[in-house]
Amino acid sequence: MPPFAAPYNPISMGYPKRTPSPPNIVTLNVGGHLFQTTTQTLTLAGPDSILSTYANPGSSSDAFIDRDPELFSVLLSLLRTASLPSKARSFDLQDLLAEARFFGLEPLLVSSLSSPDRFDPFALEQSAVLPLNGRDPPSTLSVTQTGSVHVAHGSKITSFDWSLRRRSTVLTRFPAVDSLLAISPSVAAAGATDVAGLQILSLSDGGSTLKTLNWADPTKSGSAVQAIGASPDLLFSSFESCRRNASAIVAFDAGAGFQPVVEIGRREIYGAELDSAIPATKLQWVPSYNLLMAAGAHSGPSGRTGNVRLWDVRAPMEAVWEAKEGTEDCFADVAASEEVGAVFKVGVNSGEVYMVDLRKMGGWVGLGRGAAVAAGKGGKEGSGCRVECYGGHVFVSRGGDVEMWSEVVVKGGLNYGLGGDERVMRRNVMGRRRGDGVGKGRIGEMGFGGSRMVLARKGEQCVEVWEGGSDLRF
Amino acid sequence: MDDSNSEDAPDLRPSDGDRIRLNVGGRLFETTVSTLRSGGPDSLLWALSNRPISSDPIFIDRDPDAFSALLSLLRSGRLPSSSTLHRHYLSDEASFYGLDHLLRSSLSPPPLLATDASIVTTLSPSSDALPSALSASGGVSSSDGSVWIAHGGQVSAYDWSLLHSATIRTHLDEISALRRVRPDFAAVASPVSPGLHLYSLYGGLHAGSAQWSDPSDPRVHKATVVAIAPDDDPFGPTIFASFECPHRENSIAAVDRSTLTISSLIGRQSGGSAKTAVPGKLRHLPEKNLIFSVAISSGAFGYSGYVRLWDVRSGDAVWETSEPGSGRSSRFGDTFADVDVNSDESAMFKVCSKSGDVAIADLRMLGEDPWVYLEEANPVLRGVSGGGGGGATTVLHCYQRQVFVSREGALGVWSQVEEDREKRVTERTFRKNWVDKEGDSDRGVIRLMEGGGNRLFVCREGVEGVEVWESSESSGVVFIS
């Protein structure tokens, strides 16, 4: 886009002649103020915007739009530079949003404020607290790509839009929602471990159930949802039969009315082999590897045992990779990072962070926090720790604090700089010493989306939002 | 720009006094060509001012509010005080028009006058905010007031307007030395991990490392870097750093900036005693081609150490002094706690560990005991400056003919009286003043100080963030209604 346009008429030394505007300059009269811009700038608004109708040079020269000129000037700057001018902050975001909606610029406004490429992990600091009404503490949360936050507390799901300014709550038929995944800002999948069926809920009109999905389990006892995951076109749900003797992951086609497509890793218990059918309690799609990570564990008298499996959806009978987690240091939580190309876990006994390289599919490699010492003592250092991967970094919650593991590629390697390049993971403690995280409750849930990290602490009727770049924040 | 005009055609290019009309985003601006050209030949407006005169205003598809502020900057050299635009936005717009240097000079602080400075802000990175090393752009040429902070294993950059511009994570868990190499690269080192490492700050990639190894001597192995000399010139061809092996064998090394290989070693020594310990402070004095190295350690019996000046070309020590000396020193038993050099003034300063006294030595006349002690005539200050007894943490830093001396949490400065400038260094009059107020020292013991771009950056023990001290032309008056 050329930022300025040449005057069109050839030089005349005589009387200055009043010539019409050159064809690529568009004059808009918004609420009495005249704005001039180029057709290229207006085209950036996209075909759905009413501004694109003024973009073709043939349109009438005096386009009048009866809207507030001040707000329009902000949106025009957004179009020109793809970022909001600082004067935008003197307006209320709701007004700006309503205006952007009128002009069809809402996606542009959303992406300029909250999009995954604006996620700045090193600058994250607590920026907002979202209060929840009632007495139920948050049980699970889900954050969408644009940064809208959906929190399940008790039988309710409260949704905050991407601007975090607006809230709506719907009531579900579950006594307590245990799994939640927002499919779009207005549709979510929800499940509970004690009530059969996966519900697709509309969050916009009072929480009507759009569809209830079930797994036809072998015992015909009904099956409850243990975990929900999603790929761009499939919705995955981990079911366990209500008699707790069979489990499977079912993939539904999100595009075609949620028809079941494939059943992955079906397990049934025969005899006393209790470990054979631990249902997956965490599902995560790893896009570039086309793999579904499924992890499940249960705690017994001898300790916590479980497994982590990677599934190719096209071969649902046999896992691509499997790690059996014994009692010595079973995972407390697992997450896969596409950018790093690895699966990460926190050991429940040691609290150590381990990783498996997805390209090599070997065994767990400890990232070095004195695993052997703590594991030998049979401690519970990692109990309750959560792991999530976002934006190429690994976030681990430990008590009330979050630590971030970042990958550093050391040229020549750590060993005296003579070998090949070496990838190492390094730990950063998030937040400042004063203020953040001190004297606060244990983190129960972590979610990431847009440019945000969202935390729910145990026993607190609110959700914390962390964002980067305080001088750029709205 | 437009040199195609032939001889016979009338010159249609505007001359300096001509008025010119601009249409920025629908708002009309009228100004003169000379105003537009005051942004310098590299600016977009200079290019526009070369366009032939026409009746139509030149159209620029940008925000008129930002342009209005920048046009005021062009006309008067300063931003209108009514401008409510955010620095970040204005800075983006200014770089679009190629006026960022003008904006920078209009918003940068006036020369730092330590006798009249105050804290303007505290830079606090979002996580792991305890600073372990600083790199302000110290040089005259590149002094734009930006600062890089090493905290935890991260390096954060703050630009000339002190806005956060980047943070990277290095593989080091603790960065003890940080230096800028070229505008975008950081040289970092850790006391526990060998080598001098180069990271690109925008992109966060590890560019390589320099290691000290000696195939003929197996003791030279896994050498860590203790100090990196800050350089006035970020494009300088050489980085000077002091390396130390686990067996305390140490040396100053000249590292080639582009290949990251050690081109020469200066003053390799065994490290067995205080007189051969690794230097913890290095300064490169380019005009004299000298390396100034200081090693000071404090133990149960007080401070001990040495100061040496090395000739870079020959690799020989030109001069050295060590304390505690043999008793010839006029201040026996009051050894230095910190030493710094001011290359512009050809002077070296030390601060005594027990008394807190500051002494000056002329670099051009170094003898066996070159120190001349600065005396403060003001009885109020004389009493306080001692601080009473040894063991106080004290840091000395020279910046722009001012010698900043901290003692625990208090920050004082020795400044030269202006009319004495022609005299020999050691005969000039210095006056001591407090930079801070009494309450400021309660925040914590000062650990690091660095001046750059007319700012002084101060870090305190166990305190998150970096304090920024500036002088200001605005009085800060409070009107009582």
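Look up a bit, the structure's there.
Residues numbered from 1 in each chain as written. Chains lettered and ligands numbered in written order. Predicted model: local features only at pLDDT ≥ 70, side-chain atom pairs only at ≥ 80, totals over all residues. Heavy atoms only, no water.

### Some remarks on the sheet that holds strand β4 (residues 118–123) of chain B
Residues and elements named next belong to chain B. Strand order in the open sheet made by the 4 strands is β4-β31-β30-β29, with antiparallel pairing throughout. Each edge of the sheet is formed by a strand with only one pairing partner; in this case those strands are β4 and β29 (446–452). Adjacent strand axes in the sheet meet at a mean angle of 25°, parallel and antiparallel pairs treated alike. (Pairing = 2+ DSSP bridges. Helix = DSSP H or I, 4+ residues; strand = E, 2+ residues; numbered from the N terminus. Axes fitted to C-alpha atoms, helices over the stretch in contact; angles between N-to-C directions.)

### A few points about the nonpolar core
Counting 30 residues, the largest nonpolar core has Leu28, Leu42, Leu51, Tyr54, Phe72, Leu105 and Leu109 of chain A as the members making the most contacts within it. Where this core is concerned, the elements lending two or more residues are β2 (25–30), β4 (63–65), α2 (69–81), α3 (93–103) and α4 (106–113) of chain A. Per element, the largest residue contribution to this core is 7 residues, and it comes from α2 of chain A. Those residues in contact with Phe72 of chain A that lie beyond four places of it in its chain are Leu28, Val30, Phe35, Leu51 and Phe103 of chain A. Listed in part, the 27 residues of the second largest apolar core include Leu71, Leu79, Tyr89 and Ala94 of chain B. (Core = buried A, V, L, I, M, F, W, Y, C linked by side-chain atoms within 4.5 Å. Buried < 20%, exposed > 50% of the residue type's maximum accessible area, 1.4 Å probe, protein only. Contact = heavy atoms within 4.5 Å.)

### Some points on helix α3 (residues 64–76) of chain B
Residues and elements named next belong to chain B. Here α3 spans 18 Å end to end across 13 residues, near enough to the 18 Å set by a 1.5 Å rise per residue. Looking only at α3, the buried set comprises Pro64, Ala66, Phe67, Ala69, Leu70, Leu71, Ser72, Leu73 and Leu74. For α3, the N-terminal cap is Asp63; the gap from its side-chain oxygen to the backbone nitrogen of Asp65 is 3.2 Å. (Expected span 1.5 Å × (residues − 1). Polar contact = N/O pair within 3.5 Å; in protein donor to acceptor, adjacent residues only side chain to side chain.)

### Re empty space enclosed by the protein
All names here are of chain A. On inspection of all chains with the given rule, the structure shows 3 cavities of 30 Å³ or more. By volume, the largest cavity is sized at about 100 Å³. Lining the largest cavity are 13 residues, with Ile249, Gly265, Ile278, Ala280 and Arg309 sitting closest to its centre. Mapped onto the lining of the largest cavity, the elements with two or more residues apiece are β16 (246–253), β17 (259–268) and β20 (303–311). Along the lines of polarity and charge, the residues of the lining of the largest cavity split into 7 nonpolar, 4 polar and 2 charged. (1 Å grid on protein atoms, 1.4 Å probe; cavity = no way out; pocket = protein on both sides within 12 Å on 5 of 7 lines; lining within 4 Å. Points joined across faces, edges and corners; volume = space filled by probe spheres on them. Nonpolar A, V, L, I, M, F, W, Y, C, P; charged D, E, K, R; others polar.)

### Description of the pairing of strand β13 (residues 224–228) of chain B
Residue and element names in this part refer to chain B. Counting buried positions along β13 gives 4 out of 5 residues, so the element sits mostly inside the fold. For β13 and strand β14 (residues 238–244), the ladder comprises 4 bridges, and the chain directions are antiparallel. Along β14, the bridge assignment pairs Ala227 with Ser242.

### Observations concerning the side chain of Glu470 of chain B
Residue and element names in this part refer to chain B. Of note, Glu470 is situated in strand β31 (residues 466–470). According to the relative accessible area criterion, Glu470 is buried, its value standing at 12%. Within the local environment of Glu470, its side chain forms a polar contact with the side chain of Arg455, the two groups lying 2.6 Å apart. Ignoring sequence-local partners within four residues, the contact set of Glu470 consists of Pro109, Leu112, Asp116, Ala117, Ser118, Val120, Leu162, Asn454 and Arg455.

### So, the packing of aromatic side chains
Residue and element names in this part refer to chain A. Summed over the entire model, instances satisfying the criterion amount to 16 aromatic pairs over all chains. Each ring, one from Phe236 and one from Trp285, has its centre 5.7 Å from the other, and the planes form 20°; the classification is stacked. Here the residue Phe236 occupies a position in strand β15 (residues 234–241), and Trp285 occupies one in strand β18 (residues 282–286), the gap between them amounting to 49 residues. Both residues of the pair, Phe236 and Trp285, belong to the buried class. (Phe/Tyr/Trp six-rings, centres within 6.5 Å; stacked < 30°, edge-to-face > 60°.)

### Comments concerning the environment of Asp128 of chain B
Tracing the sequence through the fold places Asp128 of chain B in the loop between β4 and β5 (131–136). Along the backbone, Asp128 of chain B and Gly153 of chain B are 25 residues apart, and their C-alpha atoms lie at a distance of 8.4 Å. With sequence-adjacent residues up to four places away left out, Asp128 of chain B is seen in contact with Asn428, Val429 and Gly431 of chain A together with His151, Gly152 and Gln154 of chain B. In terms of polar contacts, Asp128 of chain B uses its side chain to reach the backbone amide nitrogen of Val429 of chain A, at 3.5 Å.

### A word on the sheet that holds strand β9 (residues 167–171) of chain A
Residues and elements named next belong to chain A. Spatially, the 4 strands line up as an open sheet ordered β6-β7-β8-β9, and their pairing is antiparallel. Two strands close off the open sheet at either side, each with one partner strand: β6 (138–143) and β9. Strand-to-strand, the axes of this sheet are offset by a mean angle of 20°, without reference to chain direction. The pairing of strand β8 (residues 156–160) with β9 spans 5 bridges and is classified as antiparallel. When the bridges of β9 are listed, Phe160 appears paired with Arg167.

### Description of unusual backbone geometry
All names here are of chain B. Of note, the bond from Glu323 into Pro324 is cis; its omega dihedral lies within 30 degrees of zero at -5°. The phi angle at Asp128 is positive, at roughly 50°, despite the residue not being glycine. Judged by its relative accessible area of 23%, Asp128 falls in the partly exposed class. You will see that Glu408, though not glycine, has its phi angle at about 55°, which is positive. With respect to the secondary-structure elements, Glu408 resides in the loop between β26 (402–407) and β27 (410–416).

### Let's talk about helix α4 (residues 87–97) of chain B
Buried residues of α4 of chain B: Tyr89, Leu90, Glu93, Ala94 and Tyr97 of chain B, and no others. Buried residues of α4 of chain B fall within an arc of 135° about the axis and therefore sit on the same side. Tucked inside the fold, the buried residues of α4 of chain B contact α2 of chain A together with β1 (19–24), α2 (44–49), β3 (58–60), α3 and α5 (100–107) of chain B. Gly98 of chain B sits one or two residues past α4 of chain B and shows a positive phi near 75°. (Arc of directions from axis to C-beta.)

Geometry only, nothing functional implied.
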